[in-house]
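Residue strings, one per chain:
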Amino acid sequence: MCGHALNGNQEEKMPNPYNPQDIEPKWQARWDADSLYKSVIDHGKPKFYALTMLPYPSGDIHIGHWYAMSPSDVRARFKRMQGFDVLFPMGFDAFGLPAENAAIQRSIHPKTWTLANIERERQQLRSMGMMIDWEREAISCLPGYYRWSEWFFLKFYEMGLAYRKKAPVDYCPNCKTTLAREQVIGEEHICERCGTPVVKKDLEQWFWRITKYADELLDFSKIDWPDKIRLAQTNWIQRSEGAEVTFTVAPEDLPAGAAPEEGDLVVFTTRPDTLWGATFMVLSPEHPLVERITRPEYRAAVQSYQAQAARQTEIERMSTEKEKTGVFTGAYAINPVNDARIPIWIADYVLITYGTGAIMAVPAHDDRDFAFAVKFGLPIIPVIDRVDGLAKSFAFPGSVRAGFAEALKDAGFEFTAAPVGELGEGLFVTLHGNEQIDRYIALMQAYLLEGNWNEVVGARWAFIFSDGIRELDSVESDAEILTRCKAIYPPVSENRTCMEMLSHLPFYRDTLFHPEYGTMINSGVFDGTPVKGAVAKVVAWLEANELGRGAVNYRLRDWLISRQRYWGAPIPVVYCDTCGVVPVPYEDLPVLLPDDVDFMPTGESPLKYHEGFLHTTCPKCGGPATRETDTMDTFVCSSWYQYAYLSPYYREGKPAHADSIPWDTEEAKYWAPVDTYTGGAEHAVMHLLYTRFFTKALRDAGIVNFDEPMLQLRNQGTILGEPRCGDCVEVTGAWEGAAFRAAEITVYSFQDQATWPPAERSAGLVRGEVIDRDDVSLKVQTSEAGELTVVLIDEDMPVAIPGKEKGGTAKDILYHLDVEKMSKSKKNVVAPDELVAQYGADTVRAYLMFGWRWEQGGPWDSHGIEGVVRWINRVWNVVTEPAQAAGAETLSGRELLRAMHFAVKSITEDLEGFGFNTVIARLMEYTNALSKARSAHYGSALWDEAVATLLLLIAPVAPHMAEELWAFLGKPYSVHQQAWPTWDPAMLVVDEIEIPVQINGKVRGRVTVPADADEDAIEAAALADANVQRHLEGQQVLKVIVPNKKLVSIAAKPK
RNA sequence: GGGGCGGUGGCGAAAUGGCAGACGCACCGGUCUUAAAAACCGAGGGACUUACGUCCGUGUGGGUUCGAGUCCCACCCGCCCUACCA
């Protein structure tokens, strides 16, 4: 259809004003009826699997979902127009606690609650106008879905990836379930869901062996994922290389009759090079050996400490201070490298869940061990030389002959003199390197008075006595030096080690301990071993002497998947008295969740009391058996949903087998893996790690033939609540001390701030903005200066709230909000449905793309959307309005073409690179250019092309409006099935270019030259510019460069 | 304590080492209107200047470069994640 035929058409139609409320439902229904977004395998096209994280059906799609999903949809649409066969599915992560809590609180069955929410959210998602292929919808709580979740369990069990063990696990007493480690958050160890402090429980639980893939999960070479996520996963897995070293319990500390190897005490260390500095051992309080080695006289203290450590996770930790605690067992261990006898302690800073649950403590080079040793008076012996050569010495007042300070100064030492209490002046010397230290020691020996000592700490550990030098190089010398010091100066008698004595002097504190790698000292045959290769050499030596071996440890633990809840996929296992643990045969899947259950007010799983579910027969022997009543973590279901979309509820009703594939292999071969995945970064160490593990396990099972589930990942940021002022209240009442008791409250809305009466505080009246509110009081700002008055209220007292017809209570008064997360209680939630009703989905989509850097997010701004509203209307008008009289300003045909090609180029590139805000900016610019060019070009073929291009570029962003205008122009349905426009670099060229001229980095002029001018011509033009010449007067030009013909840079200096 | 991300007008933000502030919001001026709203047009980082223009400007201080918001070093501030992991 040609442009001119269209013009006649347009004149017949009176242009309607833009009305999204008509347009959007109309096109949504049409697209639906035409199955426009149904994805069908087409081997003639390249495929593109675009996936965005699926929502949990909590009852409402909120603005965060829109923010995450709209740009993902835009990009999927863009890819489709580019010629890809695109799959963009959606589903619901439908198992989980909130459904069960609703059941308990409101007597609604979780299934009813969940499916009703899904129904509602599906409608909300449809209102967004996304190109979702709804025929592929997958809901994880339906048997057709969770049958395969169960199937994977059996498969993993078969592969040895699923196992059961009794383990201390985190248990939330409120949610009545165990949690995965990553669901326990922060210092207080609180439940991710409800914030209740978790407790440790010893339970038989099912685990999945994710640790088997620890090394492979550290390899990101096959995927394009954000650094942030890769880092989070790397840190979470935390691979540590080191050695396992076998210490032994001193034979006399083992129970009589114990076999010698029972005393083996294996530790993991990343610092085998510090083995010679291990002056004590610490076992975790839960370590099995504690019971056997504790000496009778220490038993009571040990048991009391163990009890306290177990309880400690139950009580909220009061302070952030981390004072080390622990007790001595009375037993000793032998350090295999030097046969030193070292005490065995227990302390809660050693965790049973990491490494071997036991450590060798090297207090000189580990800060935790250092703190522990200082507190409990355990010896600290340095075994790694300082790399910085730093050493310090403090000359005690009166310990040296007169003239020492002058001698120090003459010799060039760095020192300060300061009074020490009443004792006189002390000298604080700082030394760098061995040469200085040697000179200092010699000088000190010359000046030290009889009956005194001096020490050099840090890069040298020397105690200078009048009869010679003693180095702190062993536990024995530590004791000997300390004894001598105590004899010389009795006030130090309280100290148990030299380090403890030295630690009292603040001047020394930064030199007593260092964790760096360096040359080994005080380490027997390894003395002098340089940093490089020291660890490897020690490991080789340990292995040669059969004292230990190189070892790798991970912080990553196996994935605990058992949940003591009803609303999850059943774990398909039965327990038989004769056969033990028996997996349910593949053919018998799914193990169905029974519907007829009674929910306990306690939250305890009703499955435990459901006789029909509980009792079954053993698949192996046919005898009586009971079912596993735990269900699987919901993350199991979301670990494979990207494959479920390929053929949802695959082969439902037909039996599964061990060698089944859980989805249509033709679909999988074509679509998988996911090409672009978008979603929140908060899933970094949970979902995003689990799904990678899952795919690797599936690969090993021969079900998929690739290693990674999602090739490219991008994270969006978070939209926060909008800052706002609080309501203004006028309160009458009476003073109660410093507070004001409210009798009656009048509210002036925060929206009418201009009409607020002035703040006031008088005998019977308080008036001002509400800064904060709780159940019993308001904080009212009663002066410009910020003076706050506490107004006591009754939570339910009736208050007239402007705009609230039924009348509210004091709880409805809005208080001042700075930027915070959106939450219902703060009443700062943005409801997308209301925005859609007011502005239309296209505008909301565009605003969410335009307002923020997508990967960053930020606070909501309810005014900013107006700019997008205006733009959308301008687009509407520029297409639909009839020709107007020529305006003053217009664009040449060449300029219009250039604007068009530039728009295509930049929008294509920015969509590709997730630069959504600049996509809208470029669209706005292009629209502005069209507005300008309209009067001159309206009706021409060029104009038609320019307008069509605008609609094609807008189609992914504002799909409804683009479709409507496309139809208005009489173009063939659908705009979404058109090819994405391309640009011609030749069209971007301009005839003349303006080039700035810099002198010494400052712009001093601009010259306009033909686009094809060569560098010499540009340089000549630049030097000829009047302002440039003015600035070059009296200057000598050193250099002129014309990089890329983009600017002229002149370097000059005064003659 | 460890790690990460960020700091640019009143606000959201642009800017392959090359004219800082594109595109918007808010504000201000104008056109239209009896008036307002809407729409459209226009000015705007700061200081000085009638003006041409000049100086200063991307958290602070250094450095590399003809040229730095961008790269390097040190520091300050904010946010996020993580946390006794041997």
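Because the structure is a prediction, the values reported are computed rather than measured. Residue numbers restart at each chain and count upward from 1, following the sequence in its written direction. Following the order in which they are written, the chains are lettered starting with A and the ligands numbered starting with 1. Reporting of local features is limited, given that this is a predicted model, to residues whose pLDDT is at least 70; pairs of side-chain atoms are given and counted only at 80 or more, and all residues count toward the totals for whole chains, interfaces and linings. Side-chain numbers come from the whole structure's heavy atoms, not from hydrogens or water.

Asker: What should I look at first to understand the side chain of Thr-511 in this one?
Answerer: As for its placement among the helices and strands, Thr-511 is situated in the loop between α15 (498-503) and α16 (534-544). Polar contacts, as counted here, are pairs of nitrogen or oxygen atoms within 3.5 Å of one another; within protein the pair requires one atom able to donate a hydrogen and one able to accept it, and residues that are adjacent in sequence qualify only if both atoms are side-chain atoms. In terms of polar contacts, Thr-511 uses its side chain to reach the backbone carbonyl oxygen of Tyr-508, at 2.5 Å. Among all residues touching Thr-511, those that are not within four sequence positions of it are Arg-386, Leu-390, Lys-392, Val-457, Gly-458 and Trp-461. Under the DSSP-based scheme used, a helix requires at least four consecutive residues in state H or I and a strand at least two consecutive residues in state E, with every element numbered from the N terminus. We call two residues in contact whenever any of their non-hydrogen atoms come within 4.5 Å of each other.

Asker: Would you take a moment to explain helix α11 (residues 367-376) for this structure?
Answerer: For the α-helix, the turn length of 3.6 residues means that residues three or four positions removed from each other point alike. Partly exposed residues are those whose accessible area sits between 20% and 50% of the maximum for their type, while under 20% is buried and over 50% is exposed, using a 1.4 Å probe and protein chains only. When we look at burial in α11, the residues that qualify are Asp-369, Phe-370, Phe-372, Ala-373 and Phe-376. Seen end-on, α11 carries its buried residues on one side only, within an arc spanning 165°. The elements touched by buried residues of α11 are β12 (280-283), β14 (341-346) and β15 (358-361). Remark: Gly-377 follows α11 within two positions and exhibits a positive phi of approximately 70°. What the arc describes is the spread of directions from the helix axis to the C-beta atoms.

Asker: Quick question: what am I supposed to make of helix α14 (residues 475-488) here?
Answerer: The terminal C-alpha atoms of α14 lie 20 Å apart, and with 14 residues this matches the ideal 20 Å at 1.5 Å per residue to within 8%. Among all positions of α14, only Ser-477, Asp-478, Ile-481, Leu-482 and Cys-485 are buried. Burial along α14 is one-sided: seen end-on, the buried residues are contained in an arc of 130°. Exposed and oriented more than 90 degrees from the buried face of α14 are Glu-476, Thr-483 and Ala-487. Buried residues along α14 sit against β19 (453-458), β20 (462-465), β21 (468-471) and α15. For a helix, the expected span equals 1.5 Å multiplied by the number of residues minus one.

Asker: How do you make sense of the domain arrangement of chain A when you look at a structure like this?
Answerer: In many reports, interface size means the accessible area that the parts give up when they come together. Each domain span listed reflects an automatic or database assignment of domains. Taken domain by domain, chain A consists of domain 1 (46-140 + 647-719), domain 2 (241-376), domain 3 (390-513), domain 4 (728-816), domain 5 (838-970) and domain 6 (990-1054). For domain 4 versus domain 5, the distance between C-alpha centres works out to 47 Å.

Asker: Looking at this model, I keep getting lost on the pairing of strand β10 (residues 239-249). Mind explaining?
Answerer: Consecutive side chains along a regular strand alternate between the two faces of the sheet. Bridge count between β10 and strand β22 (residues 548-554): 7 bridges; the pairing is antiparallel. Paired with Ala-243 across the strands is Gly-550, a residue of β22. The pairing of β10 with strand β11 (residues 264-269) spans 6 bridges and is antiparallel. Bridging from a neighbouring strand, Glu-244 pairs with Phe-268 of β11. For two strands to pair, DSSP has to find at least two bridges joining them. When β10 meets strand β13 (residues 327-334), the two strands line up antiparallel, connected through 2 bridges. Along β13, the bridge assignment pairs Val-249 with Ala-333.

Asker: I tried to follow the protein's contact with RNA strand B on my own but got confused; where do I start?
Answerer: Throughout, near means a residue has at least one heavy atom within 4 Å of the molecule or strand. Taken together, 56 residues lie near RNA strand B, and Gln-238, Arg-368, Gly-851, Arg-1006 and Ser-1049 sit nearest. Looking at RNA strand B alone, sugar and phosphate atoms form 61% of those within 4 Å of the protein. Here a base nitrogen of RNA strand B and a side-chain polar atom of Arg-922 are 3.1 Å apart. Within the side chain of Glu-925, one N or O atom sits 2.8 Å away from a sugar or linking oxygen of RNA strand B. Sorting elements by how many residues they give to the surface near RNA strand B places helix α26 (residues 916-937) first, with 7 residues. Gly is put with the polar residues, along with every residue not named as nonpolar or charged; the nonpolar set is Ala, Val, Leu, Ile, Met, Phe, Trp, Tyr, Cys and Pro, and the charged set is Asp, Glu, Lys and Arg. Partitioned by chemical class, the residues of the surface near RNA strand B number 17 nonpolar, 19 polar and 20 charged.

Asker: Sorry, what's going on with a negative patch on the surface here?
Answerer: On the surface, a cluster of negative charge is contributed by Glu-471, Asp-473, Glu-476 and Asp-527. Mapped onto the secondary structure, Glu-476 falls in helix α14. Here Glu-476 falls in the exposed class, since its relative accessible area comes to 59%. In this scheme, patches are assembled from residues that exceed 30% relative accessible area and form no salt bridge. Like charges are connected within 9 Å, while nonpolar side chains (Val, Leu, Ile, Met, Phe, Trp, Tyr) are connected within 5 Å. We get accessible surface area from the Shrake-Rupley algorithm with a probe of 1.4 Å; when it comes to residues, only the shown protein chains can shield them. Every case where a carboxyl oxygen of Asp or Glu lies within 4 Å of a side-chain nitrogen of Lys or Arg is listed as a salt bridge. His is not counted, nor are the chain ends; Lys and Arg add positive charge and Asp and Glu add negative charge. By convention, the point assigned to a charge is CZ for Arg, NZ for Lys, CD for Glu and CG for Asp.

Asker: Can you walk me through the packing of aromatic side chains in this structure?
Answerer: When we look at a pair of aromatic rings, we describe it by the centre distance and by the angle of the planes. Planes of paired rings set the category: under 30 degrees apart is stacked, over 60 is edge-to-face and the rest tilted, where pairs are Phe, Tyr or Trp rings (Trp by its six-membered ring) whose centres lie within 6.5 Å. This structure, assessed with the given rule, holds 64 aromatic pairs. For a ring to carry a charge above it, either NZ of a lysine or CZ of an arginine must fall within 6 Å of the ring centroid while also lying within 35 degrees of the normal to the ring plane. Its end group placed over the ring of Trp-236, Arg-555 keeps NZ or CZ at 4.3 Å from the ring centre.

Asker: It is not clear to me how the sheet that holds strand β28 (residues 624-627) should be interpreted in this structure. Could you clarify?
Answerer: Each strand in a sheet pairs with its neighbour through backbone hydrogen bonds, running either in the same direction (parallel) or in the opposite one (antiparallel). Taken in spatial order, the 4 strands make up an open sheet running β26-β25-β28-β27, and their pairing is antiparallel. Each of the sheet's edge strands pairs with one partner strand only, and the pair in question is β26 (580-583) and β27 (615-617). When strand polarity is set aside, the average angle formed by the axes of neighbouring strands in this sheet is 40°. Examined bridge by bridge, strand β25 (residues 573-576) and β28 share 3 bridges and lie antiparallel to one another. Its bridge partner being in β28, Tyr-575 is matched across the sheet by Thr-626. Between the N-to-C directions of two axes lies an angle of 0 to 180 degrees, each axis being a line fitted to C-alpha atoms and, for a helix, fitted only over the stretch in contact.

Asker: Looking at this structure, I do not really get the pattern of salt bridges. What am I missing?
Answerer: Pairing between side chains of opposite charge can happen when the charged atoms of each approach one another. The final tally for this structure, using the stated rule, is 52 salt bridges. Across the pair Arg-496 and Glu-500 runs a salt bridge, and its minimum N-O distance is 3.1 Å. The structure contains a network of salt bridges with shared partners spanning Glu-216, Lys-222, Arg-692, Lys-696, Arg-699, Asp-700, Asp-707 and Glu-708.

Asker: Would you mind going over the sheet that holds strand β42 (residues 992-999) with me for this structure?
Answerer: Spatially, 4 strands are ordered β43-β42-β45-β44 in an open sheet, and the strand pairing comes out mixed. One side of each edge strand has no neighbouring strand; the edge strands of this open sheet are β43 (1002-1010) and β44 (1035-1041). In this sheet, neighbouring strand axes are inclined to one another by 25° on average, regardless of whether the strands run parallel or antiparallel. Here 3 bridges tie β42 to strand β45 (residues 1048-1054), and the two strands are oriented parallel to one another. Directly across from Gln-998, in β45, lies its bridge partner Ser-1049.

Asker: Quick question: what am I supposed to make of the packing of helix α24 (residues 865-880) against helix α27 (residues 941-954) here?
Answerer: In a packed pair of helices, the relevant descriptors are the angle between the two axes and the axis-to-axis distance. Two elements in contact, α24 and α27, have axes whose closest approach is 11 Å; the angle formed by their N-to-C orientations is 145°. Here the hand of the crossing between α24 and α27 comes out left-handed. On α27, the residues touching Trp-871, Val-875, Val-878 and Val-879 of α24 are Trp-943, Val-947, Leu-950, Leu-951 and Ile-954. Partitioned by chemical class, the residues of the contact of α24 with α27 number 9 nonpolar, no polar and no charged. Crossing handedness is read from the near helix: turned anticlockwise from the far helix by less than a right angle, it gives a left-handed crossing, and turned clockwise, a right-handed one.

Asker: Just checking my understanding: could you explain the packing of helix α8 (residues 227-237) against helix α21 (residues 687-700) for this structure?
Answerer: Contact pair α8 / α21: the axes reach a minimum separation of 10 Å and the direction vectors enclose 75°. One element, α8, and the other, α21, form an angle in the roughly perpendicular class. Contact residues: α8 offers Ile-229, Gln-233, Trp-236 and Ile-237, while α21 offers Leu-688, Leu-689 and Arg-692. For classification purposes, an angle smaller than 35 degrees is called roughly parallel, one larger than 145 roughly antiparallel, one from 65 to 115 roughly perpendicular, and anything else oblique.

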